[in-house]
Amino acid sequence: MELPVRRPSRNHPPVPSKPVPQPSPETQPFWDGCAAGVLRLQRCRACDQFYFPPRPFCPRCLSTDVEWKDVSGRATLHTYVINHRPAPGFEADAPYAIAVVQLDEGPRMMSNIVGVENTPENLPLDMALQVTFESRGDMMVPLFEPAR
Amino acid sequence: MSVRHQVAIVGAAETTELGTIPNLSSIELHADAARNAIADCGISLADIDGVACAGQSPVAVAQYLGITPRYLDGTSVGGCSFMLHVRHAAAAISEGMCDAVLITHGESGRSRVGVGGFFGGGGFGGATLQGQFEAPYGPTGPPTMFPIGVVRYMKEFGLTHEQLAMVAVVQREWAGHNPRAMMRDPITVDDVLSSRMIAYPMHLLECCLVTDGGGALILTRAERAKDFPSPPVYILGTGESSETPMISQMEDFTTSKAFRVSGRQAFAEAGITHADVDHLMIYDAFAHLPIYGLEDLGFVGRGEAGAFIEEGNTRPGGKLPLNTNGGGLSYTHTGMYGMFALQEAVRQVRGTAPAQVPGVQVSVAHGVGGMFAAAGTVVMTNQAG
């Protein structure tokens, strides 16, 4: 029996790609929002507070009376490192910031900063940011850029 | 001594549904069962101060439910893990380590939704919360995540790059006295700051080693301890806590809640003040950890640790000898270094350390788990009660 031989194509070398987030049932509305170009968070009606990451109850009071709300997409740069050892798919970006952004609505989330070279000089803490979205596979991932 | 009639189960419930549940991920199955058990007995969330589970990390379950624990049990020995959790919880409650323990199980065994996690479950990827909300931003291991709060700390408190580098310099000085340390040649602040940038603001010499090795401890009742050849090292107090499995969700990036809760409990149980501590170990995966640890354990005020180390207080001959084996930065770091912090504390209390501090009676060993995910603190002494 002859085994099929697979040759790597010269025209299409394997290109590592950035991680594509895999939604869970509880987070699906968040990712649906991103696909529509909208940042969404959950808000507890009992506490009148936003929270993140998504879950079907409020982590302050356990109430399940929670709703999804479109939010402003405005944020500030809370803290970061600048990674000099790129993850697969990030080679062209290195060195790049892995940041935590402070959303205007209260919660914080990890993200990348685009639209500016990621140097300490260009990334003063508390700088104003706004959300933008990057295509990953068939998903859109929220990133942040300096506010215009 | 037994737990007979000391402890009772007051709430019990299963998940709302059983069978095929494709709409709930593993962590939410834990939370669904937990909310049902909480409803079953009417306890308030704030009164639950212990979390035990298998499959998921108790760190993840606690943070997901909004619990600040001072008792965690992640014992994972298969399907009987929960019997062991009950046993350990009964002992902990009867000893006053905590008041109310939540034991959860949730397993998407059929639908396989959101299975896995950073601890105890298989990887950083998939549909876990870390996989969805941290992995897409390109971290490549702890060096690119753990120090994420350092620039915020620098802005809040004025910590300088030179002060951060001094942590590594001082620990190398200790390592120079330790023949078993992997890195023993003296280094300067300039050496640290000119070493390769790994993840700004952390240079290579501000990151721990990666080594092979191990350690083991044997404990028994104090009254039996005198029958053994080595001088007994008595446990005076212990503490533990957790904050979040996702570093991006820390409450405050300049301080560890888990460090504070764990340390406070250990000092209170030991009945000691900071002035009683002759020797200190703070798990140093990266150079900022001794800085956070000194402050969160209460040895110095907020924002003071960088200057405290820079002034030489923790170096050989200083008033608070810290990480006297050379630490994870210079001695060894296998990945779970806490065992080596305990080993050095035992050596110092026994009086057998390579860089022995004179007259050690009380040592504190403080460890971190994950990236500010969890903490544990042990106070030990050679003084019989």
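Parameters at a glance
Residues numbered from 1 in each chain as written. Chains lettered and ligands numbered in written order. Predicted model: local features only at pLDDT ≥ 70, side-chain atom pairs only at ≥ 80, totals over all residues. Helix = DSSP H or I, 4+ residues; strand = E, 2+ residues; numbered from the N terminus. Rg over C-alpha atoms; globule rule 2.2 N^0.38 Å. Contact = placed C-beta atoms within 7 Å. Nonpolar A, V, L, I, M, F, W, Y, C, P; charged D, E, K, R; others polar. Pairing = 2+ DSSP bridges. Domains from an automatic or database assignment. Buried ≥ 20, exposed ≤ 12 C-beta atoms within 10 Å, placed from the backbone. Axes fitted to C-alpha atoms, helices over the stretch in contact; angles between N-to-C directions. Parallel < 35°, antiparallel > 145°, perpendicular 65-115°, else oblique. Left-handed = near helix turned anticlockwise from the far one by under 90°. Core = buried A, V, L, I, M, F, W, Y, C linked by C-beta atoms within 7 Å. Expected span 1.5 Å × (residues − 1).

A. The arrangement of the overall build of chain B in detail. Of regular secondary structure, chain B possesses 13 helices and 9 strands. For chain B, the C-alpha radius of gyration of 21 Å lies close to 21 Å, the compact-globule estimate for 385 residues. With the principal axes as the frame, chain B shows a C-alpha extent of 60 × 55 × 35 Å. Taking the intrachain contacts of chain B between residues at least 6 apart in sequence as the baseline, contacts between residues at least 24 apart amount to 70%.

B. Fine view of the interface of chain B and chain A. Between chain B and chain A, the residue contacts involve 40 residues of the former and 39 residues of the latter. Where the side of chain B that touches chain A is concerned, the elements lending two or more residues are helix H1 (26-41), helix H2 (58-65), helix H4 (129-133), helix H5 (150-157) and strand E4 (197-200) of chain B. Its residues assigned to classes, the side of chain B that touches chain A comprises 22 nonpolar, 13 polar and 5 charged. Alignment of strand E4 (residues 74-83) of chain A against E4(B), held across 2 bridges, turns out to be antiparallel. Looking at E4(B), one finds that Ile82(A) is bridged to Tyr200(B).

C. Focus on the domain arrangement of chain B. All names here are of chain B. Here chain B is described as being made up of domain 1 (26-138) and domain 2 (149-381). Computed from C-alpha atoms alone, the centre-to-centre distance between domain 1 and domain 2 is 28 Å. With 17 residues of domain 1 at the contact, the number on the domain 2 side is 16 residues. Elements supplying a minimum of two residues to the side of domain 1 that touches domain 2: H2, strand E2 (71-73) and H4. Looking at the side of domain 1 that touches domain 2, the element that brings in the most residues is H2, giving 5 residues. Residues that form the side of domain 1 that touches domain 2 fall into these classes: 11 nonpolar, 4 polar and 2 charged.

D. Highlighting the pairing of strand E6 (residues 108-111) of chain A. All names here are of chain A. The side-chain alternation of E6 yields two buried faces, one formed by Arg108 and Met110 and the other by Met109 and Ser111. Sheet topology places strand E5 (residues 96-103) next to E6; 4 bridges connect them, and they run antiparallel. Residue Val101 lies in a different strand from E6, and its bridge partner there is Met109. Between E5 and E6, which pair antiparallel in sequence order, lie 4 residues; one of them, Gly106, sits at a positive phi of approximately 125°.

E. Broad picture of the packing of H1(B) against H2(B). Residue and element names in this part refer to chain B. H2 packs onto H1 with a crossing angle of 60° between their chain directions and a minimal axis gap of 10 Å. With respect to each other, H1 and H2 are oriented oblique. With respect to the hand of their crossing, H1 and H2 are arranged in right-handed fashion. Seen from H1, the contacting residues are Ile27, His30, Ala31 and Ala34; seen from H2, they are Ala60, Val61, Tyr64 and Leu65. A breakdown of the residues in the contact of H1 with H2 according to their chemical character gives 7 nonpolar, 1 polar and no charged.

F. Region of interest: the nonpolar core. Tyr80(A), Ile98(A), Val101(A), Ala168(B) and Val379(B) are the most contacted members of the largest nonpolar core, which totals 143 residues. Among the elements that take part in this core, helix H6 (residues 161-175) of chain B stands out by supplying 9 residues, more than any other. Residues lining this core come from more than one domain, with at least three contributed by each of domain 1 (26-138) and domain 2 (149-381) of chain B. Excluding anything up to four places from it in sequence, Ala168(B) contacts Ile187(B), Val192(B), Leu205(B), Glu206(B), Ala287(B) and Leu329(B). In this structure, Phe30(A), Trp31(A), Cys34(A) and Val141(A) belong to the second largest nonpolar core, which totals 5 residues.

G. Spotlight on H1(B). All names here are of chain B. The end-to-end C-alpha distance of H1, which contains 16 residues, comes to 23 Å, matching closely the 22 Å that a straight helix rising 1.5 Å per residue would cover. Among the residues of H1, those classed as buried are Ser26, Ile27, Glu28, Leu29, His30, Ala31, Asp32, Ala33, Ala34, Arg35 and Ala37. On its buried side, H1 packs onto strand E1 (50-53), H2 and strand E3 (101-104). Residue Gly42 follows H1 closely and has a positive phi angle near 75°.

H. Main features of the packing of helix H9 (residues 257-270) of chain B against helix H10 (residues 288-296) of chain B. All names here are of chain B. Closest axis-to-axis distance for the H9/H10 pair is 9 Å, and the angle between their directions is 45°. Our classification of the angle between H9 and H10 gives oblique. For the crossing formed where H9 meets H10, the hand is right-handed. Counting all contacts with H9, which are made through Phe259, Arg260 and Gly263, the residues of H10 involved are Tyr292, Gly293 and Asp296. For the contact of H9 with H10, the class distribution of residues is 2 nonpolar, 2 polar and 2 charged.

I. Layout of the sheet that holds strand E6 (residues 234-242) of chain B. All names here are of chain B. With mixed pairing, the 4 strands of this open sheet are ordered in space as E6-E9-E8-E7. Each end of this open sheet is capped by a strand with a single partner; those strands are E6 and strand E7 (279-282). On average, each strand axis in the sheet is inclined to that of its neighbour by 10°, with strand direction left out of account. Relative to the sheet, H10 contacts E7 and strand E8 (362-369), its axis offset from that of E7 by approximately 125°. Packing against the sheet, helix H13 (residues 338-350) makes contact with E7, E8 and strand E9 (374-381), and its axis sits at approximately 180° to E8.

J. Focus on H5(B). Among the residues of H5(B), those classed as buried are Val150(B), Val151(B), Arg152(B), Tyr153(B) and Met154(B). Buried residues along H5(B) sit against E4 of chain A together with H10 of chain B. Where H5(B) terminates, the next one or two residues include Gly158(B), which has phi positive at roughly 75°.

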